[in-house]
Amino acid sequence: MTLEATRYEDGSISYPGHPRGPGGANPAETIDLSEYTAEIVTWTTSTATPPGVREPNHLAIVEFDVDGESVRAIGQLTTGDVETGDEVQPVHVDELREPGAGIREPESQDWDGYRFEPV
């Protein structure tokens, strides 16, 4: 699994990708953000989490610099021991939440993804 952003014909980049870019441009290529580091823009800790999500759940909005373009993403952190401005890297995890919790059939979707870990 990749942490895939999309670059559009006009040079803009978005995560997640869309059929059209912010200015209406067509997608031109994908970029694997897991190969980049990012900076924490802001973060919080949730103590009232949905079924199957760890508690406490540390979350951040992070900003990647991809060839001079800013690309933001939101996701779980590996720790709550962070500060705004810290550098983080995406790390793959097999389960972002416990597949047996909640109302979805565990086989109905993928449970893996990325968390952000301080560098």
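All of these numbers come straight from a predicted model, not from anything done at the bench.

Colleague: Please provide a residue-by-residue account of the sheet that holds strand E3 (residues 27-32), values included.
Modeller: With respect to topology, three strands assemble into an open sheet ordered E2-E1-E3, the strand pairing being antiparallel. Pairing within the sheet leaves two strands with one partner each, and these edge strands are strand E2 (13-14) and E3. Pairing of strand E1 (residues 4-8) with E2 involves two bridges; the strand directions are antiparallel. Among the inter-strand pairings, Thr 6 is bridged to a residue of E2, identified as Ser 14.

Colleague: Tell me what's going on with the environment of Val 88, and back it up with residues and numbers.
Modeller: Along the polypeptide, Val 88 turns up in strand E7 (residues 87-93). Take Val 88: its relative accessible area is 0%, and that puts it in the buried class. On a C-alpha basis, the gap between Val 88 and Val 62 in space is 8.1 Å, while along the polypeptide they are 26 residues apart. Apart from the residues within four sequence positions on either side, Val 88 is in contact with Thr 37, Ala 38, Ile 40, Val 62, Phe 116, Glu 117, Pro 118 and Val 119.

Criteria and thresholds
- Residues numbered from 1 in each chain as written.
- Predicted model: local features only at pLDDT ≥ 70, side-chain atom pairs only at ≥ 80, totals over all residues.
- Heavy atoms only, no water.
- Pairing = 2+ DSSP bridges.
- Helix = DSSP H or I, 4+ residues; strand = E, 2+ residues; numbered from the N terminus.
- Buried < 20%, exposed > 50% of the residue type's maximum accessible area, 1.4 Å probe, protein only.
- Contact = heavy atoms within 4.5 Å.

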